[in-house]
Amino acid sequence: MRVAALNFKRKAQQSLRNARLQSALGKIQVRFVQARAEAIAGLDDFAAVKRRATEIRENVLANLDAWLERFEQEATRRGAVVHWAETAADANRIVIEIARAAHVKKVVKSKSMVSEECALNDALEAAGVQVVETDLGEYILQLAHEAPSHIVAPVLHKTKDEVSDLFAQKHALPRKTGIAELCREARDILRPHFVSADMGISGGNFLIAETGSVLLVTNEGNGRMATTLPRVHVAITGIEKVVPTLEDATTLVRILPRSATGQDITNYVSVLTGVKNSDESDGPEQFHIILLDNGRSALLGTPLQSMLRCIRCGACMNHCPVYQNVGGHAYGWVYPGPMGSVLTPLFAGLADTLPLPNASTLCGACAEVCPVSIPLPDLLRELRHRQSEQDLRPRLERLSLRLWVWLALRPRWYARATSLASRVLHGLGGAKRRLRWLPGAGGWTDGRDFPAPAGSTFRALYRARKIP
Amino acid sequence: MRTGLFVTCLVDLMRPAIGFAALKLLEQAGCEVAVPATQTCCGQPGYNAGDNAAARELAIKLALEFADCDYVVVPSGSCAGMIRVHYPRLFPDDSEPARRVRALAARTYELTDFLVNIAKIQTLPGYYRGRLSYHDSCSGLRELGVKQQPRALLARLPDVELKEMEQCETCCGFGGTFAVKFGAVSTQMADNKCRRIHASGANAVVAGDLGCLLNIEGRLRRIGDAATRVLHIAEVLAGEQGKVPCE
Ligand code: SF4
């Protein structure tokens, strides 16, 4: 998926005008925000679990190389093959090589954001391999040729009606309207694919170092089938997902679904370890684990390291008032919302993602709900700082800021300038004491009046009051 | 108790009445109030635009201006948060200015927080009659824990009826330059806020940050609501705005 973050503003405006999208986004409040609040309230001591989860993630990052080596050892010992991919292109190449060597014609996929990050489907299809997404949301998107707009609920931007139309058209079956019927229809179509696929591709929510296992949380059961039915299983995930022990993983599993969908636990939690033994009837013959760096290791030891704690729960976007209003596509890549506005610039470069760190009021709702205490507003501010240091901000903005600071450091000039501004704007405000239009501030006055100042500044009035 | 009043650049320029209301409240609470004449801006616009150097210069200036005050009080959660929470991050070292700035941070308070927890104000000078809804401005709420303080103070005004709006903690969309840079998104966020204010049944909305108030008032007036009053908490508590019954 190509990064298209530069036109955030235009796409955001389109989103605001898109009535269907707006109605789809309306679901966030009940389905995610309220659901999370209730699930959190049901936990004995949420703050303590959150502290522990943060600690686990932070400790791993302090010794990431050592934990990854341990993971590789343990996974290898149980028959899995661990591959290291430095870039997305490397990851794709590795998957294709595995597919070629195993004569794979068809792949079933369970949901994986890292595979979206790599645009793996495109690469596989270009190599002549058929790819079938089996997560319902991802399947819908594959039919519609659309990108996910949310990391947990990829099809959040679509209404049920749109899905009904899509299925009727693509499946050439009578149009269904009930959710259960739609699910059944998708299931009927997907089932044969699981059986005929040669390879299953999944993500990995956590990598467990002590056992070399990949832990997967899913709700639809497709993940379990995609990882156990085909003869080859490829799990692809980021290097930061490793945790030391099963115990640690379960702590994180206590907090991940609660933060994500408000579930106490997902319908399925799979711990996938090694290949099928000779005395076992289920499981893949080959188990490949691809660990993607793609810029992650470069964050270690920097002010942005805490971003690597992320467990991809989506709570930050669910609670972000900007995301709630514009949805995920405006952000222009795989990861939307506050976590995306931090990650996308790090993966795709500051220059190609200029609007993202600024597309936030820094209200702090994201950091408040993040289960691993990532200070997202601080990270966004750090990226703004880097933009400024690298002279990437627009000239006009830089000039006006410099003028403001110049004045603010010179109280006498400042007093004159603000006095003048107050008087002029007050005059323009007229009897209604507000302006409907202000040059250079169309962004404000297109949708709001600008309340006029009082005509004199506080400092002037205060001085006059003190000198009788 | 020598208390410095940092009126903030926005109050100075846009709505001096809030500065005088804060002054009145501090005096009523028994403070000896100093208002340094050279004060300007805390540097937040620079800081949030990534210009840390500019923010640092203004921080040093502010620390000098309020050097002789036991406390510094700010009628804005976001400017108080800038000083209290963010200044120390800009000055982590052990230099003389850094120590001075960190000391300033430690004795800086948001107005309602100060009135309730430090000055322990006994009687409020203001009188207000009407149904108010309180919007929790983001920085005050999340950086400084300003939540109960304004409500506790409002509860002491006998004829105020507090009508909480839904999602009173959701950002109004101001966000400083965000409001201009991403005007359409900001407007929709303000519009959501206005709908909730209307649904609350209040006829006035109150907050602790002028930025939010300008944003909310701007949207209310644009959608044709000239009636709902938009007030700073200091104005309500000091009575500068509320002397005349408004219903
Ligand atoms: S940044 Fe935090 S809240 Fe957002 S997805 Fe990651 S873990 Fe969840």
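Each chain has its residues counted from 1, following the order in which its sequence is written. All chains are assigned letters beginning at A, and all ligands numbers beginning at 1, according to the order in which they are written. Two thresholds apply to this predicted model, a pLDDT of at least 70 for residue-level local features and 80 or more for giving and counting side-chain atom pairs, whereas whole-chain, interface and lining totals are computed over all residues. Only hydrogens and water are set aside; all other atoms, that is, all heavy atoms of the structure, feed into the side-chain values.

Colleague: I would appreciate a short explanation of the overall build of chain B in the present structure.
Modeller: A run of DSSP states H or I qualifies as a helix once it reaches four residues; a run of E qualifies as a strand once it reaches two. Both are numbered from the N-terminal end. Across its full length, chain B carries 13 helices and 8 strands. Here the radius of gyration uses the C-alpha set of atoms, whereas the globule reference equals 2.2 Å times the residue count to the power 0.38. Its C-alpha atoms give chain B a radius of gyration of 18 Å, near enough to 18 Å, the size a compact globule of 247 residues would have. Across its three principal directions, the C-alpha atoms of chain B cover 55 × 45 × 25 Å. Think of it in three bands: with a 1.4 Å probe and only protein chains considered, a residue is buried below 20% of the maximum accessible area for its type, exposed above 50%, and partly exposed in between. Looking at chain B residue by residue over its 247 residues, the buried ones come to 64%. Pairs of residues are marked as contacts when any of their non-hydrogen atoms sit within 4.5 Å. The long-range share in chain B, meaning contacts at least 24 apart out of those at least 6 apart in sequence, stands at 78%. Accessible surface is estimated by sampling points in the Shrake-Rupley manner with a 1.4 Å probe; for residues, cover comes only from the protein chains shown. Total accessible area computed for chain B in this model is approximately 8200 Å², and 51% of it derives from carbon and sulfur atoms. None of His or the chain ends enter the tally, which takes Lys and Arg as positive and Asp and Glu as negative. Here the site of a charge means NZ on Lys, CZ on Arg, CG on Asp, or CD on Glu. Of the side-chain charges in chain B, 28 are positive and 27 negative, and the distance between the mean point of each set is 3 Å.

Colleague: It is not clear to me how helix 4 (residues 52-65) of chain B should be interpreted in this structure. Could you clarify?
Modeller: Along an α-helix, a turn takes 3.6 residues, which lines up residues three or four apart on a common side. A helix is expected to reach a length of 1.5 Å times the quantity of its residues less one. A rise of 1.5 Å per residue sets the reference length of helix 4 of chain B, with its 14 residues, at 20 Å; its end C-alpha atoms lie 20 Å apart and thus fit the reference within 8%. When we look at burial in helix 4 of chain B, the residues that qualify are Asn52(B), Ala54(B), Ala55(B), Leu58(B), Ala59(B), Lys61(B), Leu62(B), Ala63(B) and Glu65(B). Contact partners of the buried residues in helix 4 of chain B: helix 19 (376-389), helix 20 (395-408) and helix 21 (411-429) of chain A together with helix 3 (44-48), helix 5 (77-90) and helix 6 (96-106) of chain B.

Colleague: What is the right way to read a nonpolar patch on the surface from this model?
Modeller: Residue and element names in this part refer to chain A. On the surface, a cluster of nonpolar side chains totalling about 290 Å² of accessible area is made up of Leu420, Val424 and Leu428. Position of Val424 relative to the elements: it lies in helix 21. For Val424, a relative accessible area of 44% gives the class partly exposed. A residue counts toward a patch only above 30% relative accessible area and without a salt bridge, and it is joined to like-charged neighbours within 9 Å or, for Val, Leu, Ile, Met, Phe, Trp and Tyr, to nonpolar neighbours within 5 Å. Think of a salt bridge as a Lys or Arg side-chain nitrogen and an Asp or Glu carboxyl oxygen that are within 4 Å of each other.

Colleague: What's the story with the pairing of strand 7 (residues 204-207) of chain B in this structure? I'm lost.
Modeller: One face of the sheet, then the other: side chains in a regular strand alternate in exactly this way. Residues and elements named next belong to chain B. Residues of strand 7 alternate between two faces, with Ala204 and Val206 on one and Val205 and Ala207 on the opposite face, all of them buried. Bridge analysis of strand 7 against strand 8 (residues 229-232) gives 4 bridges, and the strand direction is parallel. Directly across from Val205, in strand 8, lies its bridge partner Val230. Of the crossover connections in this fold, the one passing from strand 7 over helix 12 (residues 210-222) to the parallel strand 8 is right-handed. For two strands to pair, DSSP has to find at least two bridges joining them. For a crossover, the right-handed case is the one in which the path from the first strand over the helix to the second runs clockwise, viewed with the strands pointing away from the viewer.

Colleague: Whenever I open this one, the domain arrangement of chain B confuses me. Can you help?
Modeller: Interface size, as often reported, equals the accessible area lost upon joining of the parts. Residue and element names in this part refer to chain B. Residue ranges for the domains originate in an automatic or database domain assignment. Entries for chain B in the domain assignment read domain 1 (2-118) and domain 2 (130-238). Centre-to-centre, using C-alpha coordinates, domain 1 lies 22 Å away from domain 2. Of the residues lining the interface, 27 residues belong to domain 1; the matching set on domain 2 comes to 22 residues. For the pair domain 1 and domain 2, the two sides together bury roughly 2000 Å², of which 68% comes from carbon and sulfur. Residue Arg15 is joined to Glu235 by a salt bridge in which the shortest nitrogen-to-oxygen separation is 2.8 Å. Definition of a polar contact: a pair of N or O atoms within 3.5 Å, with one able to donate and the other able to accept a hydrogen when the atoms are protein atoms, and with sequence-neighbouring residues admitted only if both atoms are side-chain atoms. The interface formed by domain 1 and domain 2 contains 10 residue pairs in polar contact (both at pLDDT 80 or more). Take the accessible area each of two parts loses on contact, using a 1.4 Å probe, and add the two losses: that sum is the buried area.

Colleague: Just to check I follow, could you spell out the pattern of salt bridges for this structure?
Modeller: Note on pairing: side chains with opposite charge can pair once their charged atoms come close. Applying the stated rule across the entire model yields 45 salt bridges over all chains. For the salt bridge of Lys181(B) with Glu397(A), the shortest nitrogen-to-oxygen distance reads 3.6 Å. In this pair, Lys181(B) sits in helix 10 (residues 178-181) while Glu397(A) sits in helix 20, so the two residues belong to two different chains. Connected through salt bridges with shared partners, the residues Asp136(B), Lys147(B), Arg151(B), Glu164(B) and Glu169(B) form a single ionic network.

Colleague: Quick question: what am I supposed to make of the interface of chain A and chain B here?
Modeller: Opposite the 61 residues of chain A that make contact, chain B presents 58 residues. Where chain A abuts chain B, roughly 5200 Å² becomes buried across the two surfaces, and 62% of that area is made up of carbon and sulfur atoms. Here Asp12(B) ties to Arg459(A) by a salt bridge, and the two come within 2.9 Å at their closest N and O atoms. Summed over the shared surface of chain A and chain B, the number is 29 residue pairs in polar contact (both at pLDDT 80 or more). Grouping the constituent residues of the side of chain A that touches chain B by class yields 29 nonpolar, 18 polar and 14 charged. Three classes are used: nonpolar for Ala, Val, Leu, Ile, Met, Phe, Trp, Tyr, Cys and Pro, charged for Asp, Glu, Lys and Arg, and polar for all others, with Gly counted as polar.

Colleague: Looking at this model, I keep getting lost on the packing of helix 5 of chain B against helix 6 of chain B. Mind explaining?
Modeller: The axes of two packed helices give the description: the angle between them and the distance between them. Residue and element names in this part refer to chain B. Each axis is a line fitted through C-alpha atoms, and for a helix only the stretch in contact is used; angles between axes span 0 to 180 degrees, taken between their N-to-C directions. Where helix 5 contacts helix 6, the two axes come as close as 8 Å, and the packing angle between them is 155°. By the criterion of interaxial angle, the relationship of helix 5 to helix 6 is roughly antiparallel. In this structure, helix 5 meets helix 6 at a crossing whose hand is left-handed. Only Val101, Arg102, Leu104, Ala105 and Ala106 of helix 6 make contact with helix 5, whose side of the interface consists of Ile83, Arg84, Tyr87 and Pro88. Here roughly perpendicular refers to angles of 65 to 115 degrees, roughly parallel to angles under 35, roughly antiparallel to angles over 145, and oblique to all remaining angles. Whether a crossing is left-handed or right-handed is set by the direction in which the near helix is turned from the far one by less than a right angle, anticlockwise for left-handed and clockwise for right-handed.

Colleague: Can you help me understand unusual backbone geometry in this one?
Modeller: Outside of glycine, negative phi angles account for most residues, and trans bonds account for most peptide bonds. Despite not being glycine, Leu362(A) has its phi angle at roughly 55°, a positive value. Here Leu362(A) is to be found in the loop between helix 17 (355-358) and helix 18 (365-369). We note that Thr8(B) has phi near 80°; this positive angle belongs to a residue other than glycine. Of note, Thr8(B) is situated in the loop between strand 1 (2-5) and helix 1 (9-14).

Colleague: Help me understand the packing of aromatic side chains, please; the structure alone is not making it clear to me.
Modeller: Remark: the centre distance and the inter-plane angle together describe each pair of aromatic rings, the angle taken between the planes. For this analysis, a ring pair means two rings from Phe, Tyr or Trp (six-membered ring only for Trp) whose centres lie within 6.5 Å, classed as stacked if their planes differ by under 30 degrees, edge-to-face if by over 60, and tilted for the remaining angles. Counting across every chain of the model gives 18 aromatic pairs over all chains. Plain terms: the ring middles of Tyr109(B) and Phe114(B) are 6.0 Å apart, the flat faces sit at 50° to each other, and that makes the pair tilted. Looking at Tyr109(B), the relative accessible area reads 16%, which means it is buried. Ring-pair connections join several aromatic residues into one group, and the members of that group are Phe8(A), Tyr323(A), Tyr331(A), Phe178(B) and Phe182(B). Here, over-ring charges are defined by two tests on the NZ atom of lysine or the CZ atom of arginine: distance to the ring centre within 6 Å, and angle to the ring normal within 35 degrees. Over the aromatic face of Trp413(A) sits the side chain of Arg416(A), whose NZ or CZ is 5.1 Å from the ring centroid. Lying across the ring of Trp444(A), Arg448(A) places its NZ or CZ 4.6 Å from the centre.

Colleague: Can you walk me through the sheet that holds strand 1 of chain B in this structure?
Modeller: To summarise the sheet geometry, strands pair through backbone hydrogen bonds and adopt either a parallel or an antiparallel arrangement. Residue and element names in this part refer to chain B. Read across the sheet, 4 strands follow the order 2-1-3-4 without closing on themselves; strand pairing throughout is parallel. Every other strand in the sheet has two partners, leaving strand 2 (32-34) and strand 4 (108-110) as the edge strands with one partner each. Each neighbouring strand pair of the sheet contributes to a mean axis angle of 35°, computed without reference to strand direction. Across 3 bridges, strand 3 (residues 71-74) lies against strand 4 in parallel orientation. Counterpart to Val72 in the pairing with strand 4 is Thr108.

Colleague: Any chance you could explain the sheet that holds strand 1 (residues 81-85) of chain A here in plain terms?
Modeller: Residue and element names in this part refer to chain A. Across the sheet, 6 strands lie side by side as 1-10-7-4-2-3; this open sheet has parallel pairing. Taken across any chain shown, the strands that pair with only one partner, and hence form the sheet edges, are strand 1 and strand 3 (130-133). If you compare each strand with its neighbour and ignore which way they point, the axes differ by 20° on average. As judged from the 5 bridges shared by strand 1 and strand 10 (residues 286-292), these two strands associate in the parallel manner. By the bridge assignment, His83 is partnered in strand 10 with Ile290. Along the sheet, helix 5 (residues 64-77) contacts strand 1 and strand 10; its crossing angle with strand 1, the most-contacted strand, is approximately 145°.

Colleague: What's the story with helix 7 (residues 111-118) of chain B in this structure? I'm lost.
Modeller: For helix 7 of chain B, every residue scored as buried is listed here: Leu111(B), Thr112(B), Asp113(B), Phe114(B) and Leu115(B). In the core, the buried residues of helix 7 of chain B are packed alongside strand 1, helix 2 (16-28), strand 3, strand 4, helix 9 (148-154) and helix 13 (233-238) of chain B.

Colleague: How should the nonpolar core be read in this particular structure?
Modeller: Inside soluble globular proteins, nonpolar side chains tend to come together where they are buried. Among buried residues, those of type Ala, Val, Leu, Ile, Met, Phe, Trp, Tyr and Cys that are joined through side-chain atoms within 4.5 Å constitute a nonpolar core. Phe8(A), Met199(A), Tyr335(A) and Met339(A) are the most contacted members of the largest nonpolar core, which totals 101 residues. A total of 7 residues in this core trace back to one element, the largest contributor, which is helix 6 (residues 88-101) of chain A. If we skip the residues at most four places from it in the chain, Met339(A) touches Ile151(A), Met307(A), Cys310(A), Arg312(A), Cys316(A), Met317(A) and Leu376(A). Core analysis: the second largest hydrophobic core is formed by 64 residues, Ile121(B), Cys172(B), Leu210(B) and Ile233(B) among them.

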